[in-house]
Amino acid sequence: MATTDRPPAPGPARYPRQTTRLALAHALSAAERGLAVIPLSRTKLPALRSPHRDQQDGPRCHGECGRPGHGVHDASTDPARIRALFDAAPWATGYGIACGLPPHHLIGIDLDTKTGTDSTTALRELALNHLFTIPPTIVVITPSGGRHLWLTGPPDVVVPNSAGRLAPGIDIRGAGGYLVGPGSRTDRGRYTTAPGTDHLAPAPCPRALLRLLLPPPPRTRNPVAGAAPATGAHGRGLVQFVLAAHAGQRNTRLFWAACRAYEDGIGEALTDALVQAAVHTGLTDREARSTVASAARMSRRPTE
């Protein structure tokens, strides 16, 4: 099953060193195709523990400290970096592929079989109801018999992770999530590429499906009667701008978006949506609201 970024306890190595070398080889092969990877343990979780696991409060580090152990934020396509990560995790038995990153902006459609639901039929019904078809693409078979469909998204769209929101048994892996790569070994077995799909590139996500994967635009609590909602096209664009922030950009992007919102008269109505987007990227609610408040003060200053 595809997973999101969570710190594991590595424990002693259970599989022979050859298993780690094989996982590294698969990871390096994926990186050659432009897919950023991290080592995974036999539990499908990131193999390296967070260096901040004893931290009680304060802002969350996403790798700015320079040390490994930040889950999907460690993902890289650099062979030297990947080898260093695997050297630090000799118990790794697989690798994760980060979603949402350039150049592919990978989106994972996880069709689960362990929930007692027919996720394949559910996806087929969604396709019929919303008039889309899944193009030929890479399909990974999980040890439980589930399937991961690999699709690509537009570079300016942030697809969030979700579990069962699209339909029961269908999980989505987008920005901040990862997929277990083919060739990985876990306690339940090995992940393999479905026959006939290993030579394919991830296919573009159909537009109708992409619309289903995005969260609905946030609603304003007190929209002005007769006026367009503050979260119209311009408001949604500012929110997407914040959601696309990477480490080191979060405060800057949030401040810029909040300034534009207040300058355009939609700042107060858009504040909650901007704060939620910033929290999604890793800021705390307090940090985000402080940044928005600073932008509000700056934007309200009279010109001299």
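Everything numeric here is computed off the predicted structure, so don't read it as measured data.

Cut-offs applied
Residues numbered from 1 in each chain as written. Predicted model: local features only at pLDDT ≥ 70, side-chain atom pairs only at ≥ 80, totals over all residues. Heavy atoms only, no water. Helix = DSSP H or I, 4+ residues; strand = E, 2+ residues; numbered from the N terminus. Expected span 1.5 Å × (residues − 1). Contact = heavy atoms within 4.5 Å. Core = buried A, V, L, I, M, F, W, Y, C linked by side-chain atoms within 4.5 Å. Buried < 20%, exposed > 50% of the residue type's maximum accessible area, 1.4 Å probe, protein only. 1 Å grid on protein atoms, 1.4 Å probe; cavity = no way out; pocket = protein on both sides within 12 Å on 5 of 7 lines; lining within 4 Å. Points joined across faces, edges and corners; volume = space filled by probe spheres on them. Salt bridge = Lys/Arg side-chain N within 4 Å of Asp/Glu carboxyl O. Phe/Tyr/Trp six-rings, centres within 6.5 Å; stacked < 30°, edge-to-face > 60°. Lys NZ or Arg CZ within 6 Å of the ring centre and 35° of its normal. pLDDT = per-residue confidence, 0-100. Axes fitted to C-alpha atoms, helices over the stretch in contact; angles between N-to-C directions. Parallel < 35°, antiparallel > 145°, perpendicular 65-115°, else oblique. Left-handed = near helix turned anticlockwise from the far one by under 90°. Pairing = 2+ DSSP bridges.

Okay, helix α1 (residues 17–32) next. Across its 16 residues, α1 extends 23 Å between first and last C-alpha, which sits within 8% of the 22 Å expected from 1.5 Å per residue. Among the structural elements, β2 (37–40), α2 (79–87), β3 (94–98) and β10 (185–186) are those in contact with the buried residues of α1. A positive phi of about 85° marks Gly34, the residue just after α1.

The biggest cluster of nonpolar side chains holds 33 residues, and the ones touching the most others in it are Val37, Ile82, Phe86, Tyr95, Ile97, Leu106 and Trp150. When residues of this core are traced back to their parent elements, those giving at least two are α1, β2, α2, β3 and β9 (177–180). Ranked by residues supplied to this core, first place goes to α1 with six residues. In this structure Ile97 touches Ala30, Leu35, Ala36, Val37, Leu106, Trp150, Gly177, Tyr178, Leu179 and Gly181, once residues within four positions along its chain are discounted. The next biggest cluster of nonpolar side chains, apart from the first, holds 24 residues, and it includes Ile109, Leu126, Ala127 and Leu149.

According to the stated counting rule, one finds four cavities of 30 Å³ or more in the structure shown. In this structure, the largest cavity encloses a volume near 60 Å³. Ile38, Pro39, Pro46, Ala47, Leu48, Gly69, His70, Gly71, Asp74 and Leu85 are the residues that line the largest cavity.

Per the counting criterion, the structure on display carries four salt bridges. For Arg81, the salt bridge goes to Asp74, with nearest N and O atoms at 3.9 Å. Relative accessible area serves as the criterion here: at 28%, Arg81 is assigned to the partly exposed category. Among the residues examined, Asp74 registers a relative accessible area of 6% and is labelled buried.

A few words now on the environment of Arg289. In this fold, Arg289 is placed in helix α8 (residues 285–299). Here Arg289 falls in the partly exposed class, since its relative accessible area comes to 37%. Spatially, the C-alpha atoms of Arg289 and Ala278 are 9.3 Å apart, while their sequence positions differ by eleven residues.

Aromatic ring pairs are described here by two measures, namely the spacing of the ring centres and the angle between the planes. Inspection of every chain in the model, using the stated rule, returns one aromatic pair. On the basis of an interplanar angle of 45° and a centroid distance of 4.9 Å, the ring pair of Phe241 and Trp256 is categorised as tilted. Remark: Trp256 occurs in helix α6 (residues 250–263) and Phe241 occurs in helix α5 (residues 233–243); sequence separation between them is 15 residues. Exposure remark for Trp256: the relative accessible area of 40% places this residue in the partly exposed category. Against the face of Phe241 rests Arg253, its NZ or CZ located 4.2 Å from the ring centre.

Mean pLDDT over the protein stands at 84; residues scoring 70 or higher make up 85%. Low confidence marks residues 4–13, where pLDDT is under 50. Its contacts with residues over four positions away, or in another chain, come to 28 contacts. Across residues 218–231, where pLDDT falls below 50, the model places 13 contacts with residues more than four positions away in sequence or in other chains.

With that settled, the discussion passes to the packing of α1 against α2. It is the contact of α1 with α2, at a shortest axis distance of 10 Å, that shows an interaxial angle of 155°. Viewed along their axes, α1 and α2 adopt a mutual orientation that is roughly antiparallel. Remark: the crossing between α1 and α2 carries right-handed chirality. Contacts between α1 and α2 involve Arg17, Thr20, Ala23, Leu24, Ala27, Leu28 and Ala31 from the first element and Pro79, Ile82, Arg83, Phe86 and Asp87 from the second.

Both faces of strand β8 (residues 170–173) are covered, namely the face carrying Ile170 and Ile172 and the face carrying Asp171 and Arg173. Of the pairings in the sheet, the one linking strand β4 (residues 106–111) to β8 comprises four bridges and is antiparallel in character. Considered in β8, the bridge of Ile109 is made with Ile172. One ladder, built from three bridges, connects strand β7 (residues 162–167) with β8; its direction is antiparallel. Following the sheet pairing, Ala167 is matched in β8 by Ile170. Once β7 ends, the chain turns through two residues before running back antiparallel as β8, passing Gly169 with a positive phi of about 85°.

Secondary-structure assignment places Gln249 in the loop between α5 and α6. Relative accessible area serves as the criterion here: at 29%, Gln249 is assigned to the partly exposed category. Expressed as a C-alpha distance, the spacing of Gln249 and Thr281, which sit 32 residues apart in the sequence, is 9.7 Å.

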